[in-house]
Amino acid sequence: MRILFLDIDTLRPDHLGCYGYPRNTSPAIDSLCHDGMRFDQYYCSDAPCLPSRAALVSGMFGIRNGAVGHGGTAADRRLTGECRDFRDPVDDQCFHRIFRRAGYHTASISSFPERHSSWWFNAGFNECYNVGDEGMESGEKVLPVALDWLTRHNGEDNWFLHVHFWDPHTPYRAPADFGDPFEKDPLPRWITPEILEAHKKLAGPHSVMDLNMYDDAVNPRYPRAPGKAETMEELRAVFDGYDCSIRYCDSLIGQILSLLKQQGIYEDTAIILTADHGETMGELGIYEEHGTADDATCRIPFLIKWPGIKPGSVDNGLHYSLDLLPTMAELLGVEKGANWDGESFLPSLLEGKDTGRDFLILSQMAHVCQRSARFDHWLYIRSIHDGYHLFDREMLFDLREDPHEQRDVKEQHPEICAQGARLILNWQEEQMKKSASTIDPMWTVMKEGGPQHTHTDFEKYLQRLRDTGRADKAEQLRQKYPEK
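Residues numbered from 1 in each chain as written. Predicted model: local features only at pLDDT ≥ 70, side-chain atom pairs only at ≥ 80, totals over all residues. Heavy atoms only, no water.

A. Looking closely at the overall build of the chain. The secondary structure content of the chain amounts to 16 helices and 15 strands. Over its C-alpha atoms the chain spans a radius of gyration of 22 Å, differing by no more than 12% from the 23 Å that the globule rule assigns to 484 residues. Along the first, second and third principal axes, the C-alpha set of the chain runs to 65 × 55 × 40 Å. Per-residue burial over the chain gives 61% buried out of 484 residues. Taking the intrachain contacts of the chain between residues at least 6 apart in sequence as the baseline, contacts between residues at least 24 apart amount to 69%. Total accessible area computed for the chain in this model is approximately 18,700 Å², and 49% of it derives from carbon and sulfur atoms. (Helix = DSSP H or I, 4+ residues; strand = E, 2+ residues; numbered from the N terminus. Rg over C-alpha atoms; globule rule 2.2 N^0.38 Å. Buried < 20%, exposed > 50% of the residue type's maximum accessible area, 1.4 Å probe, protein only. Contact = heavy atoms within 4.5 Å. Areas by Shrake-Rupley, 256 points an atom, 1.4 Å probe, with all protein chains shown as cover.)

B. Representation of helix α16 (residues 471–480) within the structure. Taken as a whole, α16 has its buried residues at Lys473, Ala474 and Leu477. Looking straight down α16, one finds that the buried residues subtend no more than 105° of arc, so they occupy a single side. For α16, the secondary structure elements touched by its buried residues are α15 (458–467). (Arc of directions from axis to C-beta.)

C. A look at unusual backbone geometry. Put simply, alanine 47 and proline 48 share a cis peptide bond, and its omega is 0°. On the secondary structure map, proline 48 appears in the loop between β3 (46–47) and α2 (49–58). With an omega dihedral of 0°, the bond running from threonine 170 to proline 171 counts as a cis peptide bond. Among the secondary structure elements, proline 171 is positioned in the loop between β6 (159–165) and α8 (193–199). Of note, serine 117 is a non-glycine position whose phi angle comes to about 50°, a positive value. Looking at the secondary structure, you find serine 117 in the loop between α6 (112–115) and β5 (127–129). The phi torsion at leucine 284 lies on the positive side, around 55°, for a residue other than glycine.

D. Layout of the sheet that holds strand β2 (residues 37–43). Reading across the sheet, the eight strands line up as β5-β4-β6-β1-β7-β10-β2-β11 and stay open at both edges, with mixed pairing between neighbours. Strands at the two margins of the open sheet, each flanked by one partner only, are β5 and β11 (313–320). Sheet twist, expressed as the mean angle between neighbouring strand axes with direction ignored, is 15°. Sheet analysis places β2 next to strand β10 (residues 299–305), joined by five bridges and oriented antiparallel. What sits directly across from methionine 37, in β10, is isoleucine 304. (Pairing = 2+ DSSP bridges. Axes fitted to C-alpha atoms, helices over the stretch in contact; angles between N-to-C directions.)

E. Geometry of the pattern of salt bridges. Applying the stated rule across the entire model yields 36 salt bridges. For glutamate 197, the salt bridge goes to lysine 200, with nearest N and O atoms at 3.1 Å. According to the relative accessible area criterion, glutamate 197 is partly exposed, its value standing at 37%. Between arginine 464 and aspartate 210 there is a salt bridge whose closest N-O contact spans 2.4 Å. With arginine 464 in helix α15 and aspartate 210 in the loop between α8 and α9 (232–262), this pair connects stretches of sequence that are 254 residues apart. Here arginine 464 and aspartate 210 have matching classes, each one buried. (Salt bridge = Lys/Arg side-chain N within 4 Å of Asp/Glu carboxyl O.)

Structure (structure tokens):
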């Protein structure tokens, strides 16, 4: 069998047609969804890019594998220690190697390992291709490599090909000649002028007044990524930039699927499409970023076309992306790894059974230090470091009534907050019992100065807040972070 793994960076499911988005962002992806199974509540356990892939590849939560951040000690996976033999068991039992163990020739087209100095990602691949732009490339550099590989291996069987596109990742980089297919489409109805006015008063990186993280500068290489959005028309440019990048990426995926059909192998090729994380587009007042442990950042698409899976089927259970490792191992007849935290959802794929978890714990340590509990229709967020967004220590959102996280309802539901806090505490204790380390890497991040993306000129940012009519937020940040 042939297996194609489409890894689309920063792709949130509710901006895809097959997940109900009204804009026509994803005709090729939608066609794949029609031919396979869609998972509606599929989440990365650890966000953003580096921690998410570390969890997927190792099959372990970040609290155990140690890679939870984008800098400092916690940007590296922990050394295995005394139980490491001639080979590292974490690498020997990683996601990509299970395909090798099942007899597949494995190849990857991705610049992720170089971008994040995360070379463990390449474990298990026979071949690795890196176009060399460290994640700043757009898909026209990746596509020819993928098409060439598929052409050279035409007629061969038993291969696993990983293809990684960065296009939906900020700064949005669809080529200028792609135009704007959405220039006449309305913005999503939930984003109103009143919400925009409220967001303009907020502080923090990637707030609507500081889209370039801590200022409103625009990189001339990436005009689709505005520096700020003070009007609804300027906000349109934010949404159009993201959606155009998805549509452009979708056009590249369409060319890959077309080649498989021309080769006569599309029907017999298993295809998986997913992402490392999503993107906040107004949730928590943040745009063009994936820096929180919330639903918008951690919920990701998962589509799978595989022999035996009913086309057009849907799974509604709660799953982690790290659950894919034991699922694939079981599907391929590979022995389960001793240290995996994932739970196989194979009965969901082949029999339509409910294998969803009762709750998920979501973590983010690169932009903030947060852990969240996702259960029933609730999202409970607990912030140890708020990334200069002035979040309360606890936040609670009813995702059934407020899917875009605009109304914190913790005051109305203290019992739900208590339930969420208990879920996080119990999970943390259970994971630390299994961990080879006595240290929760979240506290390593905190002891090393906080999340990597808060290592900035704090006084300069406070002055910017004052200069842009947010002096009250500057004063609140100064009181909250007196040590800065």
